[in-house]
Amino acid sequence: MSRHGMVRAVGTHFEYEDGTVFHPFGTTVYALAHQEEDLIRQTLDSLKNSPFNKVRMCVFPKHYQYNTNEPQYYPFQKREDGSWDVGSPCEDFWDHLEDIIRKLDGMEIECDLILFHPYDRWGFAEFSQKDNLIYLDHVIKRLGHLKNVWWSLANEYDLCLDHKTMEEWEEIEEFVASNDPDHHLLSNHNCFIPWELSRKNVTHGSYQTKRFADIPDVVRKFGKPVMVDECCYEGSVPDLWGCLSGEEMTSRFWKVVTSGAYCTHGETFLDPNDVLWWAKGGKLKGTSPERIQFLKEIVYSLPAPLEPMGEKKENCEPQNIFEKVLFMMEEHDRHIFQALEHRYEAKCGKEAYLYYYDQRCSKRDTLMLPADVSYKVEVIDTWNMKRETVMEHASGVIAVTLPGRPYMAVLAVKAE
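Only a predicted model underlies this, so the values are computations on that prediction, with no experimental measurement involved.

Structural notes on the overall build of the protein
Then, in step 1: Assigned secondary structure in the protein consists of nine helices and 23 strands.
Then, in step 2: The C-alpha atoms of the protein give a radius of gyration of 22 Å, which matches the 22 Å a tight globule of 416 residues would have.
Then, in step 3: Evaluated residue by residue, the protein yields a buried proportion of 55% over its 416 residues.
Then, in step 4: Per element, the accessible surface of the protein, about 18,200 Å² overall, is 50% carbon and sulfur.
Then, in step 5: Measuring between centres, the 46 positive side-chain charges of the protein sit 4 Å from its 68 negative side-chain charges.

Brief notes about the packing of aromatic side chains
Working definition: an aromatic ring pair is given by the centre-to-centre distance plus the angle between the planes.
Then, in step 1: Overall, the coordinates contain 29 aromatic pairs when judged by the stated rule.
Then, in step 2: With a centroid separation of 6.2 Å and an interplanar angle of 65 degrees, the aromatic rings of Tyr 64 and Trp 278 are classed as edge-to-face. Of this pair, Tyr 64 sits in the loop between strand 5 (54-58) and strand 6 (76-78) while Trp 278 sits in the loop between strand 15 (267-268) and helix 7 (288-301), placing them 214 residues apart in sequence.
Then, in step 3: Given a relative accessible area of 2%, Trp 278 falls into the buried group.
Then, in step 4: When the centroid spacing of 5.4 Å and the interplanar angle of 40 degrees are considered together, the rings of Tyr 74 and Trp 84 count as tilted. You can see Tyr 74 sitting in the loop between strand 5 and strand 6 and its partner Trp 84 sitting in strand 7 (residues 84-89), a full 10 residues away along the chain.
Then, in step 5: Overall, the relative accessible area of 22% leaves Tyr 74 in the partly exposed class.
Then, in step 6: On the accessibility criterion, Trp 84 (8% relative accessible area) is buried.
Then, in step 7: Above the ring of Trp 84, the side-chain terminus of Lys 78 is found at 4.9 Å from the ring centroid.
Then, in step 8: Its end group placed over the ring of Trp 383, Arg 291 keeps NZ or CZ at 3.8 Å from the ring centre.

Observations regarding the sheet that holds strand 16 (residues 307-308)
Then, in step 1: As summarised here, the arrangement of the six strands in space is 16-17-18-23-20-21, forming an open sheet in which the pairing is antiparallel. A single partner strand is all that each edge strand has here, and the edge strands are strand 16 and strand 21 (386-394).
Then, in step 2: Pairing geometry for strand 16 and strand 17 (residues 344-348), over two bridges, is antiparallel. Paired with Pro 308 across the strands is Ala 346, a residue of strand 17.
Then, in step 3: Those strands touched by helix 6 (residues 246-257) are strand 17, strand 18 (352-356), strand 20 (375-381) and strand 23 (408-414), and its axis lies near 140 degrees from that of strand 18.

Re the confidence of the model for the protein
Then, in step 1: Taken as a whole, the protein shows an average pLDDT of 96; of its residues, 98% reach a score of 70 or greater.
Then, in step 2: Looking over the protein, one finds the lowest element-wise mean pLDDT in helix 8 (residues 321-326), namely 88, and the highest in strand 8 (residues 110-116), namely 99.

A short note on helix 2 (residues 91-106)
Then, in step 1: Over its 16 residues, helix 2 extends 22 Å from the first C-alpha to the last, a length consistent with the 22 Å expected when each residue adds 1.5 Å.
Then, in step 2: Looking one or two residues past helix 2, Glu 108 carries a phi angle of roughly 60 degrees, positive in sign.

So, the pairing of strand 21
Then, in step 1: Where strand 20 lies against strand 21, six bridges are found, and the strand directions are antiparallel. Residue pairing in the sheet places Val 379 in a bridge with Glu 388 of strand 21.
Then, in step 2: Remark: four residues form the turn of the hairpin made by strand 20 and strand 21, two consecutive strands paired antiparallel; Met 385 in that turn has positive phi of roughly 60 degrees.

Quick notes on unusual backbone geometry
Then, in step 1: For Tyr 66, which is not glycine, the phi dihedral falls at a positive 65 degrees.
Then, in step 2: Its place among the elements puts Tyr 66 in the loop between strand 5 and strand 6.

Quick look at the environment of Gln 77
Then, in step 1: By secondary structure assignment, the location of Gln 77 is in strand 6.
Then, in step 2: Residue Gln 77 is classed as partly exposed on the basis of its relative accessible area of 39%.
Then, in step 3: Along the sequence, Gln 77 and Arg 291 sit 214 residues apart, while their C-alpha atoms lie 44 Å from each other.
Then, in step 4: Not counting residues up to four positions away in its chain, the partners in contact with Gln 77 are Ser 83, Trp 84, Asp 85, Ser 88, Pro 89 and Cys 90.

Section: the packing of helix 6 against helix 7
Then, in step 1: Relative orientation of the contacting elements helix 6 and helix 7 amounts to 20 degrees, with a least axis distance of 9 Å. One finds that helix 6 runs roughly parallel with respect to helix 7. Crossing hand, helix 6 versus helix 7: right-handed. Across the interface between the two elements, Gly 246, Met 249, Thr 250, Phe 253, Trp 254 and Val 257 of helix 6 pack against Ser 288, Arg 291, Ile 292, Leu 295, Ile 298 and Val 299 of helix 7.
Then, in step 2: Looking at the contact of helix 6 with helix 7, its residues break down into eight nonpolar, three polar and one charged.

Cut-off values and rules
- Residues numbered from 1 in each chain as written.
- Predicted model: local features only at pLDDT ≥ 70, side-chain atom pairs only at ≥ 80, totals over all residues.
- Heavy atoms only, no water.
- Helix = DSSP H or I, 4+ residues; strand = E, 2+ residues; numbered from the N terminus.
- Rg over C-alpha atoms; globule rule 2.2 N^0.38 Å.
- Buried < 20%, exposed > 50% of the residue type's maximum accessible area, 1.4 Å probe, protein only.
- Areas by Shrake-Rupley, 256 points an atom, 1.4 Å probe, with all protein chains shown as cover.
- Lys, Arg positive; Asp, Glu negative; His and termini not counted.
- Charge placed at Lys NZ, Arg CZ, Asp CG, Glu CD.
- Phe/Tyr/Trp six-rings, centres within 6.5 Å; stacked < 30°, edge-to-face > 60°.
- Lys NZ or Arg CZ within 6 Å of the ring centre and 35° of its normal.
- Pairing = 2+ DSSP bridges.
- Contact = heavy atoms within 4.5 Å.
- Axes fitted to C-alpha atoms, helices over the stretch in contact; angles between N-to-C directions.
- pLDDT = per-residue confidence, 0-100.
- Expected span 1.5 Å × (residues − 1).
- Parallel < 35°, antiparallel > 145°, perpendicular 65-115°, else oblique.
- Left-handed = near helix turned anticlockwise from the far one by under 90°.
- Nonpolar A, V, L, I, M, F, W, Y, C, P; charged D, E, K, R; others polar.

Printed below as a string of structure tokens:
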């Protein structure tokens, strides 16, 4: 078990029980528990040498592209008519799943355990609500003692609405929250319709989104941690969700982090044996993980968790003719414009400021730091993983020289 205890949501960030800050840098291996032992061992070895300290994985087997193998075990025994008997769990399955979660814990990796999903050919997604609750009761009693478990009610819960109504999803949420004596972290992941983050049982957001400019307002509105658990994947499959470059995967992490939130990685490189990391694990092949490690080291070096800078744009009074005309636009059009013109900026109180430039190729930028604090300022090349101190005692309005290429960042930290 982690030497720091369970992870809790505290304001808009996470902490272990002993107060140590936890910054999740996640990855996705949906069907890890349903692979052959050699592949599971290889995956765990890869995770050991990776930047990732949270893994999203499913309880139920998953049937989807590049992932059609039969699992070694199933969660329940079958009746004579072939239906699943949720009152008769297969102990080999649950022992096997617990063993994997314990091994993750031994590496201080949190397990974001997905309880339901729509990608199914075995009938688990079509359980009656009565069977759903019997299953959930077993999950909580069987795995709820593990300190590194987070409950993710679903992967893409809204794609299950043919079989589970919104009222049933709310009942599922309430059942898990009220029957878990240790109150593990709890979220629900969406495909299109985000789960309502204001709900009292929900400890943090778990979003599938590419609208990164909206994240600061979500963090401010709900005052809870926000995980962007799906922002597409680095890889080479034909599908739009799985063909990001390493540069873009890395950039999305920086965008999310400089929005005061947290991001999750995945890889979908075509493989002759259909061993894609996002589904089955194996070996990491992409160029983003080492850059994510570079970002992780920066984030963990900061004096406090990052929070978004500025106020919600809709609440700002127009200050000049540009803003007056902007606010004359239709709300939908204004939202799109502001998203495309968004600046990724975050802070740790007055202790540190982090600016990410993404595709901007500026040669110079003017930053406004507090006039009463002295800062060390670094220019960071997020792709080449280089940091250069450009000012030792900066304060107030400063001009920073930049190299004129994309994927740069500037970090200002209160001087010693």
